[in-house]
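# Analysis of the macromolecular model
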Amino acid sequence: MKTLSQILDAKPTELLTIRPQDSVLVALEVLATYNIGALPVMDGNKLVGIFSERDYARKVALKGLTSTTTEIADVMTPGVHCADLHQSVAECMSLMSDKRIRHLPVLDKGELVGIVSIGDMVKAVIEDQRFQIEQLESYITNG
């Protein structure tokens, strides 16, 4: 099974982030432009949280806050669960399932190097299963 390093190698290299002092509107524009569901929140080089569509729905829209004046720091999820660059897809899927999260920042030696989604994990599992099926079919056919 693949590691997160292999997953990230297949993704675009641009790492999109947001700052705590940016407005929610700025974050929503980035999410919409890049068709993504979450952004790591960086204070300089330090990962301090994550802002997702779920945060917007629950902490902005439902509370009647204004996207143009609300800062990310006020509505982000702090204490982010992260993965190590060398963890397997299976380990990350387990973490994401246990913590009920859809996006997982990936660190290498404490530095943010990427982010993976549950969709990335499912795609990797399907590719792995497809490969295993092809190998079994080849073994049976050529056995």
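Residues numbered from 1 in each chain as written. Predicted model: local features only at pLDDT ≥ 70, side-chain atom pairs only at ≥ 80, totals over all residues. Heavy atoms only, no water.

## Considering the sheet that holds strand β3 (residues 83–84)
Our working rule: A pair of strands counts as paired when DSSP detects no fewer than two bridges linking them. Numbering goes from the N terminus for both helices and strands, where a helix is a DSSP run of H or I of at least four residues and a strand is a run of E of at least two.
Reading across from one edge, β3-β4-β5 is the order of the three strands in this open sheet, with mixed pairing throughout. Each of the sheet's edge strands pairs with one partner strand only, and the pair in question is β3 and β5 (111–117). Across two bridges, β3 lies against strand β4 (residues 103–108) in parallel orientation. By the bridge assignment, D84 is partnered in β4 with L107.

## Some thoughts on the packing of helix α5 (residues 89–99) against helix α6 (residues 118–142)
Convention followed: To obtain each axis, a line is fitted to C-alpha atoms, and for helices this fit is confined to the stretch in contact; angles are then taken between N-to-C directions over 0 to 180 degrees. Note on angle classes: values under 35 degrees are labelled roughly parallel, values over 145 roughly antiparallel, values of 65 to 115 roughly perpendicular, and the remainder oblique. Take the far helix as your reference; a near helix turned counterclockwise from it by less than a right angle gives a left-handed crossing, and one turned clockwise gives a right-handed crossing. Two residues form a contact once any of their heavy atoms are found within 4.5 Å. Side-chain classes follow a simple rule in which Ala, Val, Leu, Ile, Met, Phe, Trp, Tyr, Cys and Pro form the nonpolar group, Asp, Glu, Lys and Arg form the charged group, and the remainder, Gly included, forms the polar group.
Taken N-terminus to C-terminus, the directions of α5 and α6 make an angle of 140 degrees; their axes are 10 Å apart at the nearest point. As the angle between them shows, α5 and α6 are arranged oblique. Like other packed secondary-structure pairs, α5 and α6 cross with a definite hand, here left-handed. Facing α5, whose interface residues are V89, C92, M93 and M96, α6 presents I118, M121, V122, A124 and V125. Residues of the contact of α5 with α6, tallied by class, amount to nine nonpolar, no polar and no charged.

## Quick word on the nonpolar core
This is how the line gets drawn: The definition of a nonpolar core used throughout is a set of buried Ala, Val, Leu, Ile, Met, Phe, Trp, Tyr and Cys residues joined through side-chain atoms within 4.5 Å. Exposed residues in this analysis have more than 50% of their type's maximum accessible area, buried residues have under 20%, and partly exposed residues fall in between, with area computed by a 1.4 Å probe over protein chains only.
Judged by nonpolar contacts, the single largest core of 14 residues is most densely connected at L4, V116 and M121. Beyond its immediate sequence surroundings of up to four residues, L4 is in contact with A83, D84, L85, Q87, C92, V106, V116 and M121. One finds I18, V30, F51 and M76 within the second-largest nonpolar core, a separate group that totals 13 residues.

## What about the environment of D84?
Residue placement: D84 occurs in strand β3. Taking C-alpha positions, D84 is 8.2 Å from K109, a pair spaced 25 residues apart along the chain. Discounting residues that sit within four places of it in the chain, D84 has contacts with L4, V106 and L107.

## Quick word on the environment of K2
The test is simple: Think of a polar contact as two N or O atoms within 3.5 Å of one another; within protein, one of them needs to be a possible hydrogen donor and the other a possible acceptor, and neighboring residues in sequence only count if both atoms come from side chains.
Within the secondary structure layout, K2 lies in the segment before α1 (4–9). For K2, a relative accessible area of 33% corresponds to the partly exposed category. Between the alpha carbons of K2 and M121 there is a distance of 9.5 Å; along the sequence they are 119 residues apart. Not counting residues within four places of it along the chain, the set of residues in contact with K2 comprises I7, Q87, S88, V89 and E127. At 3.0 Å, the side chain of K2 and the side chain of E127 are in polar contact.

## Details of α6
Our working definition: Under the convention used throughout, the expected extent of a helix is 1.5 Å for every residue step, that is, one less than its residue count.
The end-to-end C-alpha distance of α6 is 36 Å, a good match for the 36 Å that 25 residues give at a rise of 1.5 Å each. Taken together, the buried positions of α6 are D120, M121, A124, V125 and D128. Of the surrounding secondary structure, the elements contacted by the buried residues of α6 are α1, α5 and β5.

## What to know about the pattern of salt bridges
Between side chains of opposite charge, a pair can form as their charged atoms come close. Keep this limit in mind: Should a side-chain nitrogen of Lys or Arg be within 4 Å of a carboxyl oxygen of Asp or Glu, the pair is scored as a salt bridge.
In this structure the tally under the stated criterion is four salt bridges. Between E127 and K2 there is a salt bridge, and its shortest N-O distance comes to 3.0 Å. Placement of E127 in helix α6 and of K2 in the segment before α1 is noted, with a sequence separation of 125 residues between them. Residue classification places E127 among the partly exposed positions, given a relative accessible area of 30%. D22 is the partner of R19 in a salt bridge, and the nearest nitrogen-oxygen pair spans 2.7 Å.

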